[in-house]
Amino acid sequence: MTTDTERAGEATDLLQHLIRNACVNDGTPASGQEHRSADLLKGYLEGSGVDMETYEPAPGRTSLVAKIAGSDPSAPSLTLLGHTDVVPANPDDWTHDPFGGELIDGMVWGRGAIDMLNLTTTMATGMRHLALSGFRPKGDLNYIAVADEEALSTFGAKWLCANAADDIRTDYVITESGGFPMDGMDGLPRLPVIVGEKGVYWCVLTVKGTPGHASQPLRTDNALVKAAEVVRRIDEYRPAAELHEAWTRFIDGLGFPPELSEPFLDPDRIDAFCDELPMLGLARQAHACTHTTMAPTVMRAGTKTNVIPDRVELEVDIRTLPGWDTGDVRVMLLEVLGDLADDVEIAFQSEEPASTSPIDTPLWDALHRVSQVFYPGALTVPFLTVGATDARYTRTLGSVSYGFGLHSTAIGFEQYGAMFHGIDERVDVESLRLSTEMWMGLARDFLV
Ligand SMILES: [Zn+2]
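Going along each chain's sequence as written, the residues are numbered from 1 onward. With pLDDT at 70 or above as the cut-off, local features in this predicted model cover only qualifying residues; side-chain atom pairs require 80 or more to be listed or tallied, and sums for whole chains, interfaces and linings still use all residues. Here the side-chain values reflect all heavy atoms present in the structure, with hydrogen atoms and water set aside.

Take the domain arrangement of the protein next. It is common to give the size of an interface as the accessible area that goes away when the parts come together. Note that the domain bounds were set by an automatic or database domain assignment. The assigned domain composition of the protein is domain 1 (4-185 + 355-446), domain 2 (199-239 + 292-352) and domain 3 (241-279). Buried area adds together the accessible area that both of two parts lose upon being put together, with accessible area traced by a 1.4 Å probe. Between domain 1 and domain 2, a total of about 380 Å² is buried, with carbon and sulfur atoms accounting for 57% of that surface. Area buried by domain 1 at its contact with domain 2 is led by Leu384, Val386 and Arg392, which between them contribute 48% of it. Every case where a carboxyl oxygen of Asp or Glu lies within 4 Å of a side-chain nitrogen of Lys or Arg is listed as a salt bridge. Linking domain 1 with domain 2 are one salt bridge, by the criterion used here. With its nearest N and O atoms 3.1 Å apart, the salt bridge here joins Arg392 to Glu352. Of the residues assigned to the side of domain 1 that touches domain 2, the class counts are three nonpolar, one polar and one charged. Residues are grouped as follows: Ala, Val, Leu, Ile, Met, Phe, Trp, Tyr, Cys and Pro are nonpolar; Asp, Glu, Lys and Arg are charged; all remaining types, including Gly, are polar.

See the structure below:
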């Protein structure tokens, strides 16, 4: 038998090695090369008694599926889903080598320490020690380490769900992120469980004009001037607030005083409240959780200083709330464009609607129960993330999919949020211990 401290030591070492593998995904098919981390994890789990299978839809883009088979096919089954790829990091901006995996004062430093090699690691450590202990669940327990989450999951979860659904489908899935303790007003910690994510509609607006000589600009049809007006209209547009169940239960669950919670729960007051709120981070988060948002981000225009441009491409990042589809987004864009709509072509680069899972499920209850061991009195609160995770693919298989983990309070909330794709990403060993023990406790609670 190992102790929790020994298991945390093992997770720490494994995480350091995963960071050093530097499976950097820059969006190109040849990047990532996650086979190195899939091999590492396979070697780590070998001999523990789990069944393993690897999938390699493109050279080097390997995902690992490990299983402890359940004894009762009708019992609920669970997958712990982590990704092994990370986004690029520029060493010049970091205090320590982003791919050094150094352990300094109880913190493991490096790209992926928070997003999400910490969870990918602790899920593997939990799985290994469950298997070694002779754990025999009723329902299947899967551990999946996927490639390519940081691009579009083309060679990872999306591929597995489309091509190996029968090998990986379980009733429940847990992936990133969540489980970061927030202080409630009553002194009891709140642990967010990610129950859904916003939709992603990236689009290119092509604004058309008429070419001409720039020495005589009067009454010309300049596409760039028109595009500037389009940008202004996008920025000015205020879509109505929509309060999803995940939002109202999140705010209710935090136990804020009425002067904070009431405006957050009132669709007629929330916009003005967010405009004035001194806590900018909270204001942005609250706004994003309750609105479909649009941000103009890239513009390509013009060919030569003396030519009136006849064509501008403007990229807009649109994030939708649950319930919106492409048609709704198009209607919103036409309203924004108004009288300029005839001069603008709309083309979508991605059309991924928001996805959510129900909140009140047996897994929800189990997460609450298991958390009590580590944070007595803690309340789980649902949260809608503005980021995208592989849960949007596993939900297509009918799996209730949440984001969870367990963190210590060593890293503050603002710092934690800034580390996703940011600089000086790091995680403390205590958080690795908490997550490892939580996965093991959860499996023993939920699957037997
Ligand atoms: Zn991630």
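There's plenty left to go through after this.
Attention now goes to the coordination of the zinc ion. Six octahedral donors around a metal ideally subtend angles of 90 or 180 degrees, whereas four tetrahedral donors ideally subtend 109.5 degrees. In the first shell of the zinc ion, the protein supplies His83 (NE2), Asp115 (OD), Glu176 (OE) and Glu176 (OE), at 1.8 to 2.5 Å from the metal. Geometry at the zinc ion is irregular, judged from its four donor atoms and the angles of 55 to 150° they form at the metal. When a residue's accessible area, from a 1.4 Å probe over protein chains only, is under 20% of the maximum for its type it is buried; when over 50% it is exposed; and in between it is partly exposed. Taking relative accessible area as the criterion, His83 reaches 1% and is therefore assigned buried. Each metal site lists N, O and S donors within 2.8 Å (3.2 Å for Na, K and Ca). With water left out of the atoms, a site can look as if it is missing ligands. Here the metal geometry follows the donor angles, with tetrahedral for four donors whose angles all fall between 85 and 135 degrees, square planar for four and octahedral for six when opposite donors are more than 155 degrees apart and every other angle is between 65 and 115, and irregular for all the rest.

Ranked by internal contacts, the top residues of the largest apolar core, which has 92 residues, are Leu78, Leu141, Leu205 and Leu442. Labels follow the DSSP assignment, with helices taken as runs of H or I lasting at least four residues and strands as runs of E lasting at least two, numbered in each case from the N terminus. Of all the elements, helix α15 (residues 429-446) adds the most residues to this core, at eight residues. Summarising the domain contributions, this core has at least three residues from each of domain 1 (4-185 + 355-446) and domain 2 (199-239 + 292-352). Think of a nonpolar core as a cluster: buried Ala, Val, Leu, Ile, Met, Phe, Trp, Tyr and Cys residues, connected wherever their side-chain atoms sit within 4.5 Å. Grouped together as the second largest cluster of nonpolar side chains are 19 residues, Ile194, Trp247, Ala286 and Phe383 included.

This part is about the packing of aromatic side chains. For Phe, Tyr and Trp, rings pair up if their centres lie within 6.5 Å, where Trp contributes its six-membered ring, and each pair is then called stacked (planes under 30 degrees apart), edge-to-face (over 60) or tilted (otherwise). Overall, the coordinates contain eleven aromatic pairs when judged by the stated rule. Consider the rings of Trp247 and Phe250, whose centres lie 5.9 Å apart with planes at 40°: the pair is tilted. Pair noted here: Trp247 and Phe250 are both in helix α7 (residues 245-254), with a separation of three residues, about one helical turn. This pair shows no difference in class: Trp247 is buried, exactly as Phe250 is. Aromatic pair Phe256 and Phe264: ring centres 6.4 Å apart, planes at 35°, arrangement tilted. Each member of the pair Phe256 and Phe264 is classed as buried. By the ring-pair criterion, three or more aromatic residues cluster together here, those being Trp247, Phe250, Phe256, Phe264, Phe273 and Phe383.

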